[in-house]
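For reference, the chains in residue letters:
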Amino acid sequence: MRGGGNVSLKVLVMTAQILLNILRHSIVKMEAINLLILDECHHAVKKHPYSLVMSEFYHTTPKEKRPSVFGMTASPVNLKGVSSQVDCAVKIRNLESKLDSVVCTIKDRKELEKHVPMPSEVVVEYDKASSLWSLHEKIKQMEQTVEEAARSSSRRSKWQFMGARDAGAKEELRQVYGVSERTESDGAANLIQKLRAINYALGELGQWCAYKVAHAFLTALQNDERANHQLDIKFQESYLVTVVSLLQCNLSEGAISENNATGSDMDDASVNGNEPNELEEGELATSHIVSGGEHVDVIIGAAVADGKVTPKVQSLIKILLKYQHTEDFRAIIFVERVVAALVLPKVFMELPSLSFVKSASLIGHNNSQEMRTSQMQDTIARFRDGRVTVLVATSVAEEGLDIRQCNVVIRFDLAKTVLAYIQSRGRARKPGSDYILMVERENLSHVAFLKNARNSEETLRKEAIERTDISHLKDTCSINSGEAVDGTMYQVQSTGAVVSLNSAVGLIHFYCSQLPSDRYSILHPEFTIKHHETPGGLMEYSCELQLPCNAPFEKLEGPPCKSMRLAQQAVCLAACKKLHEMGAFTDMLLPDKGIGAETDKVEQNDEGDPLPGTARQREFYPEGVADILQGEWILSGKGCEEPKIFNLYMYSVNCENTGFSKDPLLNQVSEFAVIFGAELDAEVLSMSMDLFVARAVITKASLVYEGLIKFRETQLTSLKSFHVRLMSIVLDVDVEPSNTPWDTAKAYLFVPLAGGKSTDPVHLIDWALIDEVTKTDAWINPLQRARPDVYLGTNERTLGGDRREYGFAKLRHGMANEQKSHPTYGIRGAVAQFDVVKASGLAPHRDASRVPFQVDLTNGKLMMADSCIMVEDLGGKIVTAAHSGKRFYVDSVRFDMTAENSFPRKEGYLGPLEYGSYAEYYKQKYGVELIYRQQPLIRARGVSYCKNLLSPRFEHSDGHDAVSEETPEKTYYVFLPPELCFVHPLPGSLVRGAQRLPSIMRRIESMLLAVQLKDIINYPVPASKILEALTAASCQETFCYERAELLGDAYLKWVVSRFLFLKYPQKHEGQLTRMRQQMVSNMVLYRYALNKGLQSYIQADRFAPSRWASPGVLPVFDEDTKEADSSLFYEEIDSDERLSRKIHNTDGYEEDEMEDGELESDSSSYRVLSGKTLADVVEALIGVYYVEGGKCAANHLMRWIGIEIDFDLKEIKYSVKPSTVPDNILKSIDFDSLEGSLNCKFSDRGLLVEAITHASRPSSGVSCYQRLEFVGDAVLDHLITRYLFFTYTDLPPGRLTDLRAAAVNNENFARVAVKHNLHTHLRHGSSALEKQIRDFVKEVQNELSKPGFNSFGLGDCKAPKVLGDIFESIAGAIFLDSGCITASVWEVFQPLLNPMVTPETLPMHPVRELQERCQQQAEGLEYKATRTGNLAIVEVYVDGVQVGVAHNPQKKMAQKLAARNALVALKEKESAEAKESGEVDGKEKNGSQSFTRQTLNDICLRRNWPMPIYQCIHEGGPAHAKRFTFAVRVNTSDRGWTDECIGDPMPSVKKAKDSAAVLLLELLNKWYTR
């Protein structure tokens, strides 16, 4: 390729028609081609694409810019033969001129024979078939009857039966553009085609073959999925059934029942008749066929005489039998008609003697029984490797098929041209091959053709070599000039695209096929020919073109022409020009589909990469930080310059607990303030956030401005040191204040408050604590700093961090599998290899040889690992265990317990004791010899890691059981020897308070970003609402953008639809839809979001403190912590060390809760956002601005984001022209009834006529409803979504989406249309549609008669889409008629839609209900779908057992009905089982009760109540027979809290909840059924 185009592509391979198309539409120009290689170039004659490419483009291109041409052919003359050497010379010269080339061939064939051996030619004669005259006549009569029926059809095309029968335009459309145009009279035309094929088979192959053909046609028709809806299929079926019964016969009948049958035998050249009584014996005696053929002769001989099989077929069978023992036999049989290619393999299959033949058909695309390219390739591949040995092929196999193994070619039907004769012979590629020509005996035309073909081949070869002089002949070289530009043409100057008389008809047909349509509307151009007599007495013709009703214009009259065909071409050329001028054609002269290409529902491109804007497309983005947090001051304190003064703003963190907890630590929390470099926005201070600190306690946190403080540099240095020490422990990141990586992008500090009040805010800071923490020597000890696991070599995170994969449990698991014993932890139950604490060297004075001295307990002192401490000083402290590096809050000192006390037994463990005492445990497990065994033990509880407190971890709104519901809340206490504990420099209350700071700051940072975005957008909307629009549901916080996104999506679709509809009155619905897709698709919105930098503002990940960057303390990501097996943090200690005794506490501190989704891979250190999230945020922002500021705010936001349309109706220069509907149509419509159903009077009734007119109705000057449906669909979607959004303000996003889906869908709209009798006014012209509507109306009436049924998308009958469409188009008509006022549409449609769907009436889809039920019961669910005829059958299996089955023409409907049947069966089975076991209430039946609990959850969802609250009120019994008792209650919206329903004691938590749920259901049943 020269220049342009895709430079990386050097060679393009395509069909001739595609080349012609891309040249005509100027996608590629002739000048861009260097070399044009034409295979089978003999086709370059007449109107073949090769010929048109050369005449229209090659010869019109300047010579210096033309490509070189290389043509290949077996014969340059594609005719029945040549009459003389001169005739041959003329034809070759014409082809040379057309292709601007010279013919070349080889002189000596011997050289060629070495590579392409010539097969030996054999002629086999067969007898003429006896005529089955009566059968032929009956089938011909049927043909005539069908033709009459088609001709009298009221909806047939006017051009259909005119002269040239559409002059092949439909065929041109199929060949040129690869699309098939459907017409309603296709049924009749199709049937005539089939009857002719059957008649051909009857004459050429015999009655039995014709019967097989007819039977195949009938079977294919009955299996057609459309059979229920297509009347033409029923019409065809009635005729074919008659034909099948007429032809029905059996091959063996002739031999058995026909006594007067005459057999026949065959040599290669003769057929001898035998007398009837000699049949069997004679056949056996004279047969020249090898064994295995005798039986065939008997049957076939009799069948031939009977007319069931023709002598021609018999002759073919005998030829094949000759090759029974040929090694690697591979044959191609060439037939003329597709029907023969399809039926002959069936003949071979029926005959036992031909069992060695494995046959298949190979046919092309140009027929109704076409093969797909993939099927053709598969058949050829099977022939090549021997899975198929005989290929029965049409002419499609004559060209280009290279099978080296092929050793026999049989011409069952003689070739029509010399070329076909030569080419089919060339398929026999193997040396020693046979080329068998089957010729009818005494058929002179067959003999003449063979003679001519052989002579012509020699003449052609001779001419190509010697070249005859034909210069004396005139007019032989005027080939180019006559066809270079065939008549007139229309060219687009900007692109060079051209349409000529040759291509205009096909292009108009293609345009009509691309207009929006459904299966009931047949869109094609109609032509009416008018005759005109000229003054000279000559006849001229003009053609009137009528386009479908959704085209920009309907009628066009063409100029007078000399022929009907020319008249049709001329009017089509004029129409192409007009359509281009009106914008219906692009400058490439292709139908305009809107902007760009369609990308609906495509998730990836050709390379398999996800497309932008899809959920699968995920990219890394830097995390956004609000500009207000920037500050150079954070870098201070390094230099020795003059001391500076820093003006900073202090905000105290105000926390108030709501709810009650028995846990004392929840209230023992230090207070903090945050120091910022700039003053925060008032909206940040007015924001209050909920921190979910414990099951029954929510802390409300907010910032309070304390004032501007002037800090000296030394003070700031102390604050920074304190901040780093504190946060390094809280976040478990080992950072030293001296080498902290400060970043000016995020400048703020946490400072402790001393309590009390002061006028000077600087005095509120607890400077004493800051000094104490920053100046202590305790930080020298590695165990007191963050990450003591690194020092101890255990890879176990202790405080902070949420990646606790390497715990004692994992180590113990490793030892159990005979792995090497761990140097620190040894093997469970065995003596450790060395003293861990001594080896660490961190605890002084630990020498086993020293005589232990008694500690004087009366003084209240305890000997710690590195110091003595007063008992009272331990209160509220944190201690670090020297042997494990874990940290604990000190609860109390247990003077009643020492290291000599017996070691507790593991709960439920009944085996022998492993350790006698605590001292023995430490000796065996850690190699530590306790010195002060008489010291009291410290009772302590683990310091939890820092958690995300923004997610409601203790509420499970989805109704499913979760870990926290399964187990009552527990607080785990451990008992530690003081001598193995270091006192930590940070007080417990300080750490507990600091653990809340990451969650608080995450919300403040997010809010500051929202404020910043609000300022950029510059429209007064609350920043808290903008934050909501920026927060994804994946954050699992108390708000997200999904509700707003739903509203924004509908509003955006509506505004853009309205603009396009009014701006482009000439564009049809398909163009408008694609244009809208290009303006509001996720890909476009994603790009808008990137352009505006929204990726920096979005919150899309669930907050994990371990991944959060605090100023100066950046997160650490371990390479070795990517595995995801883990157990609960401090349960781990309990299960391993068994140092603790559980004390049940109904509230429980938050440390025992595990965060969902925390154990992710290290990629979580980056912000990964999907393209869809960015697009969703744009829609959510539109929704938020619409809610807060109405249309003006939403339009302002859309302009800012970059959606460039006119939002104000006044700006859109539109004019709704009054409709001009003919009076006869207006009179035919019952407007009073229609307007009465709508309760609305139309000013312009033409709009209403258009709204009820389907495209299948002949236009008569009225457009169809498609454009109105486009705008009506968008306005209804917007209005209904808005109504649901503002009516159900507290409904979760998922339920709101379900409500919208149930209200805005075709099934619901269709049922509303039927309910108000709108369907009776539909103007259409399809009998199939009429029948489907009638069936649907009947089904709807049955549905409405069922008790408690509602129509929200769950009916058993699928609605015709047309009924939903007219409902929407009427909405569009009202919108236009009212002067484009949406309120007018809602006034009319709200009453029509009543009763609107509500959470109570929203049914669960049976498929979803069954899926959820099986998930709860842990049962395997499987659907198996099959199709029989036109019915889909779906079976439902639960745990391998069939529980439901249903059938329906639509597979989805069958699946739904099968799921419903399965649910009914399962519920009946459960009830029966419950009755049998005497447990009707089902309290002990776990299976049904899980279902009962789901029912309770469903009731809460439908009534918009919070989820039921379960509470364990008792747990008791021995370890092997525990019992749980649960209570449940629910807060109803109308009657408040229910009483607490207490279930029976049960052996598991689930069953205990089930028991309580049954009682609550009974209570609700009493309340609401009185």
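Residues numbered from 1 in each chain as written. Predicted model: local features only at pLDDT ≥ 70, side-chain atom pairs only at ≥ 80, totals over all residues. Heavy atoms only, no water.

**What to know about the packing of aromatic side chains**
The way to describe two aromatic rings as a pair is by their centre distance and the angle between their planes. The criterion, for reference: Each Phe, Tyr or Trp ring, with Trp reduced to its six-membered ring, pairs with another whose centre is within 6.5 Å; inter-plane angles below 30 degrees give stacked pairs, above 60 give edge-to-face pairs, and intermediate values give tilted ones. Runs of H or I in DSSP of at least four residues are treated as helices and runs of E of at least two as strands, each being numbered from the N terminus. Buried, partly exposed and exposed residues are distinguished by accessible area as a fraction of the type maximum, computed with a 1.4 Å probe on protein chains only: under 20%, between the cut-offs, and over 50%, respectively. Working rule: Lys NZ or Arg CZ, within 6 Å of ring centre, within 35 degrees of ring normal, means a charge sits over the ring.
Under the criterion given, the structure shown has 23 aromatic pairs. Arranged with centres 4.7 Å apart and planes meeting at 15°, the rings of Phe-903 and Tyr-921 form a pair that is stacked. Taken together, the residues span a long stretch of sequence, with Phe-903 in the loop between β25 (887–894) and α27 (918–926) and Tyr-921 in helix α27 at a distance of 18 residues. As far as burial versus exposure is concerned, Phe-903 and Tyr-921 are alike and both buried. Here the guanidinium or amino end of Lys-578 rests over the ring plane of Phe-553, the centre of that ring lying 4.5 Å away. Residue placement shows Arg-1043 over the ring face of Phe-1285; its charged tip is 4.6 Å from the ring centre.

**Concerning the side chain of Glu-1037**
What counts here: Here, two residues are considered to be in contact whenever any of their heavy atoms come within 4.5 Å of each other.
Secondary-structure assignment places Glu-1037 in the loop between α31 (1023–1030) and α32 (1042–1063). Residue classification places Glu-1037 among the buried residues on the basis of a relative accessible area of 13%. Not counting chain neighbours up to four residues away, the residues in contact with Glu-1037 comprise Leu-950, Pro-952, Arg-1002 and Arg-1003.

**Remarks on the pattern of salt bridges**
Note the threshold: Salt bridge criterion: a side-chain nitrogen from Lys or Arg within 4 Å of a carboxyl oxygen from Asp or Glu.
Counting across every chain of the model gives 46 salt bridges. A salt bridge links Lys-416 to Glu-336, with the nearest nitrogen and oxygen atoms 3.7 Å apart. Of the two residues, Lys-416 is situated in the loop between β9 (408–411) and α16 (418–425) and Glu-336 in the loop between β6 (331–334) and α14 (338–350); the sequence distance between them amounts to 80 residues. Between Lys-1361 and Glu-1269 there is a salt bridge, with the nearest N and O atoms lying 3.7 Å from each other. A residue pair is termed long-range when its members are at least 10 positions apart, and Lys-1361 in helix α44 (residues 1361–1377) and Glu-1269 in helix α40 (residues 1266–1287) qualify at 92 residues. Given the relative accessible area of 10%, Glu-1269 is considered buried.

**Some points on the environment of Asp-1544**
Position of Asp-1544 among the secondary structure elements: in the loop between β38 (1541–1542) and α49 (1549–1568). For the pair Asp-1544 and Asp-1554, spaced ten residues apart in sequence, the C-alpha to C-alpha distance is 9.4 Å.

**Notes on the nonpolar core**
Our working definition: Throughout, nonpolar core names a set of buried Ala, Val, Leu, Ile, Met, Phe, Trp, Tyr and Cys residues whose side chains join them through atoms within 4.5 Å.
Formed by 201 residues in total, the largest nonpolar core has its most connected members in Leu-1094, Leu-1238, Phe-1367 and Phe-1389. Ranked by the residues each element gives to this core, the list is headed by helix α36 (residues 1171–1201), at 16 residues. Grouped together as the second largest cluster of nonpolar side chains are 63 residues, Met-142, Tyr-211, Leu-221 and Ala-331 included.

**As for the pairing of strand β18 (residues 672–676)**
Our working definition: Only when DSSP finds a minimum of two bridges between them are two strands counted as paired.
Counting buried positions over the five residues of β18 gives five, a clear majority of the element. Because side chains alternate across β18, one face comprises the buried residues Phe-672, Val-674 and Phe-676, and the other comprises Ala-673 and Ile-675, equally buried. Here strand β17 (residues 645–659) pairs with β18 via four bridges, running antiparallel. Opposite Tyr-649, over in β18, you have Phe-676 as the bridge partner. Here β18 pairs with strand β21 (residues 748–752) via five bridges, running antiparallel. From the neighbouring strand, Ala-673 faces β21, where its bridge partner is Val-751.

**A short note on the packing of α32 against α36**
For the record, the criterion: Helix axes use the C-alpha atoms of the stretch in contact, all axes being lines fitted to C-alpha atoms, and the angles between their N-to-C directions lie in the range 0 to 180 degrees. Orientation categories follow fixed angle ranges, with anything under 35 degrees roughly parallel, anything over 145 roughly antiparallel, 65 to 115 roughly perpendicular, and all other angles oblique. Should the near helix be turned anticlockwise from the far one by less than a right angle, the crossing is termed left-handed; should it be turned clockwise, right-handed. We call Asp, Glu, Lys and Arg charged. Ala, Val, Leu, Ile, Met, Phe, Trp, Tyr, Cys and Pro are nonpolar, and the rest, Gly among them, are polar.
As a packed pair, α32 and α36 sit with axes 7 Å apart at the nearest point and diverge in direction by 65°. It follows that α32 is roughly perpendicular to α36 by the angle criterion. For the pair α32 and α36, the sense of crossing is left-handed. Contact residues: Ala-1044, Glu-1045, Leu-1047, Gly-1048, Asp-1049, Tyr-1051, Leu-1052 and Val-1055 in α32; Asp-1176, Glu-1179, Ala-1180, Ile-1182, Gly-1183, Val-1184, Tyr-1186, Val-1187, Lys-1191, Ala-1194, Asn-1195 and Met-1198 in α36. Each residue belonging to the contact of α32 with α36 can be placed in one class, and the counts come to twelve nonpolar, three polar and five charged.

**With respect to the packing of helix α22 (residues 713–730) against helix α23 (residues 767–775)**
Working note: a packed helix pair is described by the angle between its axes plus the distance between those axes. Where α22 contacts α23, the axes come no closer than 9 Å and their chain directions differ by 65°. The chirality of how α22 crosses α23 is left-handed. Where α22 abuts α23, its residues Gln-715, Ser-718, Leu-719, Ser-721, Phe-722 and Arg-725 lie against Trp-767, Ile-770, Val-773 and Thr-774. Residue classes in the contact of α22 with α23 are distributed as five nonpolar, four polar and one charged.

**Focus on the sheet that holds strand β33 (residues 1441–1448)**
Across the sheet, which stays open at both edges, the three strands sit in the order β31-β32-β33 with antiparallel pairing between neighbours. Each end of this open sheet is capped by a strand with a single partner; those strands are β31 (1421–1428) and β33. Averaged over all neighbouring strand pairs, the angle between strand axes comes to 20°, with direction disregarded.

**Some points on the environment of Ala-188**
For Ala-188, the position within the fold is in helix α7 (residues 186–204). Accessibility expressed as a relative area gives 7% for Ala-188, which makes it buried. For the pair Ala-188 and Glu-147, spaced 41 residues apart in sequence, the C-alpha separation works out to 6.9 Å.

**So, unusual backbone geometry**
Going from Asn-1394 to Pro-1395, the amide bond is cis rather than trans, its omega being 0°. You can see Pro-1395 is positioned in the loop between α45 (1382–1393) and α46 (1406–1417). Although it is not a glycine, Asn-1018 sits at a positive phi angle of roughly 65°. With respect to the helices, strands and loops of the structure, Asn-1018 is situated in the loop between α30 (997–1017) and α31. The phi torsion at Gln-1036 lies on the positive side, around 55°, for a residue other than glycine.

**A look at the sheet that holds strand β3 (residues 120–126)**
Here we have six strands laid out as an open sheet, ordered β3-β10-β9-β6-β8-β7, and parallel in their pairing. On the outer flanks of this sheet lie β3 and β7 (359–362), each paired with one strand and no other. Strand-to-strand, the axes of this sheet are offset by a mean angle of 20°, without reference to chain direction. Of the pairings in the sheet, the one linking β7 to strand β8 (residues 390–393) comprises four bridges and is parallel in character. Within β8, the residue paired with Ala-360 across the bridge is Leu-391. Here α16 sits on the sheet in contact with β3, β6, β9 and β10 (434–440), set at roughly 140° to β10. Across the sheet, helix α17 (residues 444–466) is in contact with β3 and β10; its angle to β10 comes to roughly 145°.

**Some thoughts on the confidence of the model for the protein chain**
Cut-off, in case you're wondering: pLDDT measures the predictor's confidence residue by residue and takes values from 0 up to 100.
For the protein chain, per-residue confidence averages 78 on the pLDDT scale, and 77% of positions sit at 70 or higher. Low confidence marks residues 253–297, where pLDDT is under 50. Its contacts with residues over four positions away, or in another chain, come to 68 contacts. Within the model, pLDDT remains below 50 along residues 597–601, and this stretch shows five contacts once partners closer than five positions in the same chain are excluded.

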